[in-house]
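One letter stands for each residue in the lines below.
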Number of protein chains: 2
Amino acid sequence: MPLDIEEFRKAGYKAIDRICDYYYSLHAKPVVSQVQPGYLREALPENAPEHGEDFDNVQDDYQKLIVPGLTHWQHPSFFAYFPTACTFEGILGDLYASSTSNPGFNWACSPACTELEAVVMDWTAKLLGLNPEFYNTSGRGGGVMMTSASDSALTAIVAARSRFIRLNPTIPLNNLVIYVTSQTHSLGLKAGLVLGLQVRVLDVKEEDAFALRGESLRTVIEEDREKGKRPFILVVTVGSTSSGAIDRIDEAGHVLKEYPDIWLHVDAAWAGMTLVCPEFRERAQLEAINEYATSFCTNFHKWGLVNFDASTLWVRDRTLLTDALDITPEFLRTKHGDEGTVIDYRNWHLGLGRRFRSLKVWFVLRSYGAEGFRGYIRKCISLNNQFASYIRDSPDFAFVTQPSFALTVFRLEPKMPEPLSLQSLNSLNRIFYSRLSARHDVLLTQTQLNGVFCIRLAVGAARTDDTHIKHAYDVMVEEALVAINTWRETLPAATD
Amino acid sequence: MPLDIEEFRKAGYKAIDRICDYYYSLHAKPVVSQVQPGYLREALPENAPEHGEDFDNVQDDYQKLIVPGLTHWQHPSFFAYFPTACTFEGILGDLYASSTSNPGFNWACSPACTELEAVVMDWTAKLLGLNPEFYNTSGRGGGVMMTSASDSALTAIVAARSRFIRLNPTIPLNNLVIYVTSQTHSLGLKAGLVLGLQVRVLDVKEEDAFALRGESLRTVIEEDREKGKRPFILVVTVGSTSSGAIDRIDEAGHVLKEYPDIWLHVDAAWAGMTLVCPEFRERAQLEAINEYATSFCTNFHKWGLVNFDASTLWVRDRTLLTDALDITPEFLRTKHGDEGTVIDYRNWHLGLGRRFRSLKVWFVLRSYGAEGFRGYIRKCISLNNQFASYIRDSPDFAFVTQPSFALTVFRLEPKMPEPLSLQSLNSLNRIFYSRLSARHDVLLTQTQLNGVFCIRLAVGAARTDDTHIKHAYDVMVEEALVAINTWRETLPAATD
């Protein structure tokens, strides 16, 4: 039976209590879910119930059936992928937003949604040190909240293609090329699939710490243009997923000055958050971003204390979005929209309906303050430095690249009488990682860098402290020992 | 200062209490926000605070600054656009989902998210009466939850283009055409902009109740193919935004049997919910959907009691999505994914990260039961019938098309000695609508149908009852009187 208001009050209190219980007990849970594929289908009926059930039972089933199937991204020993932020302030922001369910696609349909987003995007632009040209108050540039960095990048690529075609109306779509590097997030290749456009993956080198350099960009552009191919956007990264690599935006931006119809999109989904701290701005290339980026994206829902989803995208010229995406049918026309006195965010992104996402960002920023926000970023980086020092001092582990902010990429590289081949090291590390990933008390992810199989540890959960870092390292030492023995047993007799 | 667990408990209780207050007082609030553009920027500081603030103040500011800027989509007198569902069960499902912040992009990263979505998509498929070929248990077709109907349609169009190109590798992108009708939601034109592809807008006629007919589809296909243009997807609608029109899917499907490389996407974003009631299935063309649709979308977040976002998309063949969208970089590889024993939903949609949306659908279906869900749909349609009967009996109003489910499209058409021209009626109705939209106690939206300016009333808020329908009609009668007088004053003297 549907809940009435007083039943909702009781059920709501209970939900809040259970979330409190969850966070009190989180550290004691296995970080990785131990369920098997199909566990839930077996536990649930084949059909929705014909008659409504008591909501107490429903809430109890959440505890009984769903929680055991969760891998706990907020667990202090979660070091996999990149973190997803989750704060109590973010949860409450989302709760209020859900409670009125306003799609906020234009100003008129719920003014507060647009107004708060426009303000919060300026607050965050300032917090990150972005050029005032990106502020909404500039009247020319501006910021908008998206679902994910994939969504932000896809939107930027669509706007870039639209601008390119306006500038070069006779060039067929089949000749257009998106540029990414081998370290760009899969969002680049996926955007190519979505848009049906070619993607060229630019090589980057280990000696450049996997960063795109200006000269190789120039060579590739010239090569492609000679063949009649036309790059129209370059996606560069601040803090790549595999290794935290930072492309040389200064060099790339300088090259692109000669090719003004190529859009420069900066994907700083994860590491963009470091820009809140002045001491990291140089390393994260703020100056070059501010000088050269056509668009810039970072995700507050990754390392920025705001619950998924809260991807922030800024452009230096908002008409590049609206020229590409504005469709205003009669049923969406409004007085203020027609007058152009307000932002209609639906013309800044791909869909129409949208969540009231800025509310949770506003809640988090006010409760933490800029100071508290910076303190959290610094704490994560300091914990990663602790982990990196263990790796540096270990006889058995080695960095594959230098640690980047709160990410360390390493592998097992035990001292041997003869140096091991790449192939041998890769097979050893695959064994090591498969042991690590069978553990339920710590979670890390694998990656590969130019053929080198390696393991990533990313710090970001709010409850991680030095004991969890130490525990993760101890687990690795323990599993490394077993992995080395297992690996030795698999070697052909000849190498004994 | 960030909230600790006990502070969160207190703040959470307060938020729940305030949501209760909101729903107790909702009917007494103006439905339309009365703020002016820029009201919030004036009220807020230019920067995020340097030091964290007391969260009580933040929550108080939500009440003081945000609530007055909301247009209340859950208000019983909200009849604009289409409804956005909001139930207490949906709010609580979202609350639990926010509280763990799991992105759920593949099975392994949080198994419960994928498992529940796969089950819930089958529950809803059965509730709607879809062909078992669309169930996830079929192993071939399947269902996935998306952000919006725009997102669902865009995904279908991308998959359709990908299939078409595999079948016809030599046809250049510039020759591909998306088919929509003049009554298709703007998602069709927007997808064309996003993908850089041509869109052909097929005409529909008033005498066909604005439905696409098979013969006109056939004529257009033949015409285009003769010119070398190649339609690869047709988007048909069950319940168009402007008038609730229902395309003749039976006829269109029959024609498309001769063109098997054209994908048939059914957008039933709003009216798809009527399929839960057996008595509406014929009108909503269930049989033709089940026979012909390549993909089918409806939004539980519109008229389906589930908070935004919860767009459901089914395909008859899941490999059409994964062939178009699967990219699996090393850092996303998992044991179960490699074995193909689980669904990795990230390969079924455009982005990577995603919310745990199925939880709220599960909560709603269990609490309402199928029976309660049907009761709600029937109540809305019955309230719209009440409104339609006022229009039918009125000397001053007339239907522009026949009422469709819970939507009535009408205009002011006062008895006059001489019949009024279309232009005169349009200008009268614009005056009438501008008066209506200046009211704060009721909200409707405008549209136009083949040149006829008209007004839409859509029923859907959970708290709407017969008194609100009566009130809406009374307001219209009152404003019509003034509008007719105003309009008379604007007429040139010659017609006096």
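Just so we're clear, the structure is a prediction, and the values are computed from it rather than from any experiment. (Residues numbered from 1 in each chain as written. Chains lettered and ligands numbered in written order. Predicted model: local features only at pLDDT ≥ 70, side-chain atom pairs only at ≥ 80, totals over all residues. Heavy atoms only, no water.)

## Examining the pairing of strand β10 (residues 445-449) of chain A
Residues and elements named next belong to chain A. The test is simple: For every residue, the accessible area obtained with a 1.4 Å probe (protein chains only) is divided by the maximum for its type, and the residue is called buried under 20%, exposed over 50%, and partly exposed between those limits. Strands are runs of DSSP state E lasting at least two residues, helices are runs of H or I lasting at least four, and both sets are numbered from the N terminus onward. Two strands pair if DSSP finds at least two bridges between them.
β10 sits mainly inside the fold: four of its five residues count as buried. Direction of pairing for β10 relative to strand β11 (residues 452-458): antiparallel, over a ladder of five bridges. Within β11, the residue paired with L449 across the bridge is V452. The turn linking β10 back onto β11 is made up of two residues, and N450 within it adopts a positive phi angle of 45°.

## Quick look at the interface of chain A and chain B
This is how the line gets drawn: Contacts are assigned to residue pairs with any non-hydrogen atoms lying within 4.5 Å of each other. Once two parts are joined, some of their accessible surface, as seen by a 1.4 Å probe, is lost; buried area is that loss totalled over both. A pair is scored as a salt bridge if a Lys or Arg side-chain nitrogen falls within 4 Å of a carboxyl oxygen belonging to Asp or Glu. Side-chain classes follow a simple rule in which Ala, Val, Leu, Ile, Met, Phe, Trp, Tyr, Cys and Pro form the nonpolar group, Asp, Glu, Lys and Arg form the charged group, and the remainder, Gly included, forms the polar group.
On the chain B side, the residues contacting the 147 residues of chain A number 147 residues. Summing both partners gives a buried area of about 13100 Å² for chain A against chain B, and 63% of it is carried by carbon and sulfur. Joining chain A to chain B, the criterion identifies 14 salt bridges. One salt bridge connects E53 of chain B with R366 of chain A, and the closest N-O pair in it is separated by 2.7 Å. Ranked by the residues each element gives to the side of chain A that touches chain B, the list is headed by helix α1 (residues 5-25) of chain A, at 17 residues. Tallied by class, residues from the side of chain A that touches chain B come to 75 nonpolar, 42 polar and 30 charged.

## Examining unusual backbone geometry
All names here are of chain A. With an omega of 5°, the peptide bond between F308 and D309 qualifies as cis. For D309, the position within the fold is in the loop between α11 (300-303) and β7 (311-315). Of note, the phi angle at A209 is positive, near 55°, even though the residue is not glycine. Relative to the assigned elements, A209 resides in the loop between β3 (198-202) and α8 (214-226). With relative accessibility at 45%, the residue A209 sits in the partly exposed group.

## Looking at the packing of helix α14 (residues 358-393) of chain A against helix α3 (residues 55-66) of chain B
Applied cut-off: Here an axis means a line fitted to C-alpha atoms, over the contact stretch when the element is a helix, while the angle between two N-to-C directions is reported on a 0 to 180 degree scale. In this scheme, a crossing is called left-handed if the near helix is turned counterclockwise away from the far one by less than a right angle; it is called right-handed if the turn is clockwise.
Their axes nearest at 9 Å, the elements α14 of chain A and α3 of chain B cross at an angle of 145°. As for the relative orientation of α14 of chain A and α3 of chain B, their crossing is right-handed in sense. Two secondary-structure elements touch here, α14 of chain A through L359, W362, F363, R366 and S367 of chain A and α3 of chain B through F55, N57, V58, D61, Y62 and I66 of chain B. Looking at side-chain class alone, the contact of α14 of chain A with α3 of chain B contains seven nonpolar, two polar and two charged residues.

## A closer look at the sheet that holds strand β4 (residues 230-237) of chain A
Residues and elements named next belong to chain A. The strand order across the open sheet formed by seven strands is β1-β7-β6-β5-β4-β2-β3, and the pairing between neighbours is mixed. Each edge of the open sheet is held by one strand with a lone partner, namely β1 (142-146) and β3. Averaged over all neighbouring strand pairs, the angle between strand axes comes to 20°, with direction disregarded. By the bridge criterion, five bridges tie strand β6 (residues 295-299) to β7 in an arrangement that is antiparallel. Bridge pairing links T298 to T312 in β7. Each of β1, β2 (176-181), β4, β5 (263-267), β6 and β7 touches helix α6 (residues 149-167); the most contacted strand, β4, lies at about 155° to it.

## A few points about the UniProt feature "modified residue: N6-(pyridoxal phosphate)lysine" (unreviewed entry) in chain A
Residue and element names in this part refer to chain A. Heads up, the condition is: UniProt positions are given in the numbering used here, feature names are shortened, and annotations may be inferred rather than shown by experiment.
The UniProt record marks K302 with the feature "modified residue: N6-(pyridoxal phosphate)lysine" (unreviewed entry), using the residue numbering of this structure. On the secondary structure map, K302 appears in helix α11. Non-local contacts of K302, meaning those with residues more than four positions away in its chain, are made with F82, P83, T84, A85, A269 and W270.

## Describing the pairing of strand β2 (residues 176-181) of chain B
Residue and element names in this part refer to chain B. Heads up, the rule is: The path from the first strand over the helix to the second decides the hand: if it runs clockwise while the strands point away from the viewer, the crossover is right-handed.
Counting buried positions over the six residues of β2 gives six, a clear majority of the element. Of the two faces of β2, the one lined by L176, I178 and V180 and the one lined by V177, Y179 and T181 are each fully buried. Here four bridges tie β2 to strand β4 (residues 230-237), and the two strands are oriented parallel to one another. Along β4, the bridge assignment pairs Y179 with L234. For the handedness criterion, the β-α-β arrangement of β2, helix α7 (residues 187-195) and strand β3 (residues 198-202) is classed as right-handed.

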